[in-house]
Amino acid sequence: MEQENILEARNITKVYPGGVVANHNVNLEVRKGEIHALVGENGAGKSTLMKMLFGMLAPTEGQIFVDGKEVHFSSSSDAIAAGLGMVHQHFMQVPSMTVAENLILGAETGNTFKVDRKEAVRITNELSDKYNLKVEANEKVEDISLAMRQKLEILKALYRGAHILILDEPTAVLTPQETEELFEQLKLLRENGHTIIFISHKLNEVKALCSRMTILRDGKTMGTYDIADLDEQEISRLMVGRNVSLDIEKDEADYGKNIFSVKDLVYVDYFGKTRLDHVSFSIRQGQILGVAGIDGNGQSELVEAIVGTLRQQHGTITLKGQDISHAPVRARQEAGISHVSEDRLKYGSAPKLSLEDNTISKVYYTSQLKSHGLIDKKKVSAFTNRILKEFLVKYKSSKQAVSELSGGNVQKLIVGREFDYDADLLIMNQPTRGIDVGAIEFIRKKIVDMRSKKKAILLISADLSEILSLSDAIVVMHEGKIVGYIDDVKKTTENELGLYMLGVKEDSRERIGGAYCE
Amino acid sequence: MSKKFTAIRLLCAFAIAIAISVIIILLVSEEPGTAIFNLFLGPLQSKRHFFEVFSSSVPLIFTGLALGLVFKSGNFSMISDACLYTGGVVTAALAIEVALPYGVHPIVIMIAAAVTGGIIGSIPALLKVYFHTNELVTSLMLNYVFYYLGIYTITKFLADREAGAFASRKYAETASLPVLLDRTNFHLGYLIAIGVVIVLYLLVFKTRFGYEIRVAGSNPQFAKYSGINTAKVIILTQVVAGAVAGLGGSVEQMGMYQRFNWQDSPSYAWDGVIIAILSGNNPKMVPFAAFFLAYIRVGADLMSRRSDVQNELVSIIQAVLILFVTAERFMSGWKQRREAKKALGGEV
Amino acid sequence: MDVLQDILRTLSLPDFYFAMFRSATPVLLTTLGAMVASRSGTNNIALEGTMLISAFVGVAVSAFTQSALIGFLGAVFSGFVVSSILAYFVLKLNSNSVISGIALNTFASGATIFVLYLLTGEKGASTSLPSLTLPSITIPLVKDIPVIGTILSGHHILTYAGLILVVVIWYMFKYTRLGMHIRAVGESPDAAESVGISVKKVKYIALSISGILTGMAGAFLSMGYVSLFSSGMTAGRGYIALATQAIAAGNAVVGMLASLLFGFCQSMANYLQSSSIPLQFIQLMPYLIIVIAYTIYCFAMEQRKKKKQFREADKKK
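Caption draft 1: Looking closely at the sheet that holds strand β1 (residues 5-15) of chain A. All names here are of chain A. The antiparallel open sheet is built from four strands, whose spatial order is β2-β1-β4-β5. Lying at the two open borders of the sheet, with one neighbouring strand each, are β2 (21-31) and β5 (69-71). Recorded for the sheet is a direction-independent mean angle of 25° between the axes of neighbouring strands. Pairing analysis gives seven bridges linking β1 to β2, with the strands arranged antiparallel. Directly across from Ile 12, in β2, lies its bridge partner Val 26. The sheet contacts of helix α1 (residues 46-53) involve β1, β2 and β4 (61-66), and relative to β2 the element is tilted by about 65°.

Set out below in structure tokens:
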């Protein structure tokens, strides 16, 4: 029996200014009264699609239908009016206002001169009771838990009359118990006749909650399936499997000494969430250790802890026998760390400054760039041009601003800067994210070169083919923990890694312990 | 494209400022010809006036450098006003109370003024780093505190009771900067200012500290990942900026005055804002921006003396310039149309 | 010892407290203005210049129309115009609000003198302009109460207006739709936009209100107890308001207290002029005390924030 589609996206394409294709002929059909999962890795195009459905972005091509009628949203208000509600990943709330005030904001009770707070509280409690979404109407939002903020976000949508709810990775901020509670509430909503689109990349959650799923990969739809018809292996393959694999020639591993290790690294953030949970591993000279995992499972915190920008962690970090757990950033660099950060424009460069200024950031204070005690322009130019040429950066002048370069060229500059610095440990955090194929291939080759030069390399990447083709050994992170350790990369597959990453599979303590050695 | 666009935008801002001043003159003046002529060409009429432009630009160079440095580090403190004023007071004290030989006297005074300026300059920065205050708010308040302290020092210890108005006793002759050209007031201070321009240029572009200022001001996150101590940079930058402003106060006093009579705080620090903006926070360009402003000022003075239009017109020109030069979207429509045209043209 | 006696004697005078309210009035009105702007997310540095222009326009308009009321309206309207110019540059042309504010202050200090000279041929003060003042008001019953009557009755109409506006602004933020929108826009513009509030429109309204309130402050300066405009007569009150509003952190009542602190220092300064304390020390006190109060406030807020974060972390461990 063909069921009625309450929301439908037909052949949606979105091209961002600058030519990035975030969605390409994406199709989505959501039936009335179902909980529909939209799954895919980070960067697969989920958020872009949702923003278009909610009127925050205009599609370049394609059509959107609500209740069978074509709609053209020019803003979120239009989408709200058509009965859509969105629970953003970053809550759209005013922290200093109460729960009830946030609920009615923009559609206030009372009149212009007096907002009726009593009525707001009454409505809040009424909705809260009706949908079993317990909130404290009179508490300020800044004082309530993230779980309650999320309930408020759902109530806000319901108050505005939404019957189609879009939840963007709602469980990212929740504990397992809170997640379970949320699922009960969502099921209750479904029974009340609401339709829910649930965006996630956590397989177990999708299986527990949803009936059908649409899978996105690289901005394209991989199809819509009944969840019962697919096993985890299959989903994992559809989600993370890649056809394009850039082959890298690599010598047999020839490890030297064990020069870097972290032991029992623990980090609890300000909100009390455990970001790193007893992480231990070692890297030898000439070894590439890959860290696989879906974004946001502790990889960024791990890197920050090692380079020294995160100072509140516990545990020991040792480089060449020296305890650097509490050393400042500069001291760690000088002890022998180079770092290619995950966001090249935010942390890896100063985009408004020149190529020269960005290339010398690790050595600007050393004597190699100075003559007569002052930084020597010629030496800086020579130093910069040497690195840029060696790393095949396409540029007009070493004095132009970094912001004028393409992403791939910026990344090559940063990799050049970090590799030129004579470090023993190279941390590569998402080294090829969002850059062109030529640059990807080049940077991967350079990483292999450094391996031949007996550097210890920590490679963090959300791109599994990259991890598989470069690494000698792999640890997989899930929710701040190492859940898998693979010492022989040849014996594993993307699918197996996918299972670890999605939290379906976990190695024994003993096996994971193998990642660390004295 | 971007450089050319900046230049065109700058020209348009100037054109608007000039047009507005001409319109105002035409509206209020009975002798608009004389007024306009003197405003724009007055300083070129005689050697004396032309060099007056240079000497008037001296304090502007100092505050322009100081403000530019502070802006470059990503901060917004107006404390240079207090540094300059107090630098002037220190100069008065040392020029009156201390006897030193020619040559040595000005040097001692300048060092003392710079040190004082540096110390004062550090206060808003220290408050910002350790107490999380907004440096603009604290510096605006502290400017008044130091202004009154200065007035107190002058009236209590250095005042000339004979003089009819607020003024200190006369400075020792050893404590003045020599005039370099006959029948002008072009004094050694200009060369000192240029010297400081060079020093700051070297500091900003040729030293480790300057690099740290530029990186921390441009992208603090990147600075952190590069191992730069950003709190230290904030404090030291303001110390240097304060010292430059303090030095400016002493040079101005020694070059242009025989006694201290700043009853109101001169607004050089506020003028420093426009100099810093016009120079793009680059020390190298500061003398030119300062020359421009001083030129208009001298022109305006001549205009007010020789016609019925008052020199406060300059403030209006200054304000219009700042507004349009810093308006990010000013003419952005024009730029977009150009780009669109280019892009479409490229496709054909 | 003499000094202490002087201070104590001053504190015992009802007139002193009357003067405190009087000195606090322009700062109070401007603080409220700064607060409305700041809560909408724009720092209005142009208050100093706005106040100066309004003070001038009030004098000029009242002199030419011979109506204090029209003069007052002119002052308020000019405050509105100046803040609209600021809003145009900041909201429409994406200018930096601080730099645009500085530009407008520069403009104000020059333009007021420029026009003053055109009107009077003088640059210092508008002595030759026959401008008017707004009235003071005695409160019938209150005036007869000893001490309290002296302190609270007989104030200038704008002093009472300021006190009433404290309540109005407090009420606006707490109860009205506009107040809620201003708070939302200033605190999380994304959240406001997502529920259909126009961020730019709300910011424009907030800046306009701040201009109007500051215009009233300007009118008080030149049409309050004196009927005179003098160049630079605002003497940094617009900047003081930035500090007092920062201390107030969006609470109109605290803003009033901070303004009264300034009024207290200022009128103390006036009373102690004949004492043995050097005049300049007395004059700098208001600024110094405000900066100290502000620093303490910021430090306390930071500690509170830290404590809260640690408490959160502890709770969850």
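Caption draft 2: View of unusual backbone geometry. Residues and elements named next belong to chain A. At Lys 320, a position not held by glycine, the phi torsion is positive, near 50°. For Lys 320, the position within the fold is in the loop between β14 (314-319) and β15 (322-323). Using a relative accessible area of 46% as the deciding quantity, one classes Lys 320 as partly exposed. Positive phi outside glycine occurs at Glu 479, with the angle close to 50°. Tracing the sequence through the fold places Glu 479 in the loop between β21 (473-478) and β22 (481-486).

Caption draft 3: Focus on the interface of chain B and chain C. The partner chain C presents 43 residues to the 44 residues of chain B that form the contact. Across the chain B to chain C interface the summed buried area is about 4,000 Å²; carbon plus sulfur atoms make up 77%. A salt bridge links C:Lys123 to B:Glu312, with the nearest nitrogen and oxygen atoms 3.1 Å apart. Those elements that provide at least two residues to the side of chain B that touches chain C are α1 (2-28), α5 (104-131), α6 (135-158), α11 (268-278) and α13 (313-326) of chain B.

Caption draft 4: Expanded view of the confidence of the model for chain C. The pLDDT averaged across chain C works out to 88; a share of 97% of its residues lies at or above 70. Across the assembled chains, the prediction reports ipTM 0.87 with pTM 0.85.

Caption draft 5: Representation of the nonpolar core in the model. If you look at the biggest cluster of nonpolar residues, it comprises 308 residues, and the most contacted ones within it are A:Ile154, A:Leu186 and B:Met78. Taken domain by domain, the makeup of this core includes at least three residues from each of domain 1 (5-240) and domain 2 (258-359 + 367-513) of chain A. Among the nonpolar cores identified, the runner-up in size contains 36 residues, and A:Leu310, A:Ile337, A:Ile460 and A:Met477 belong to it.

Each value, and the rule that gives it
Residues numbered from 1 in each chain as written. Chains lettered and ligands numbered in written order. Predicted model: local features only at pLDDT ≥ 70, side-chain atom pairs only at ≥ 80, totals over all residues. Heavy atoms only, no water. Pairing = 2+ DSSP bridges. Helix = DSSP H or I, 4+ residues; strand = E, 2+ residues; numbered from the N terminus. Axes fitted to C-alpha atoms, helices over the stretch in contact; angles between N-to-C directions. Contact = heavy atoms within 4.5 Å. Buried < 20%, exposed > 50% of the residue type's maximum accessible area, 1.4 Å probe, protein only. Buried area = accessible area lost by both parts, 1.4 Å probe. Salt bridge = Lys/Arg side-chain N within 4 Å of Asp/Glu carboxyl O. pLDDT = per-residue confidence, 0-100. Core = buried A, V, L, I, M, F, W, Y, C linked by side-chain atoms within 4.5 Å. Domains from an automatic or database assignment.

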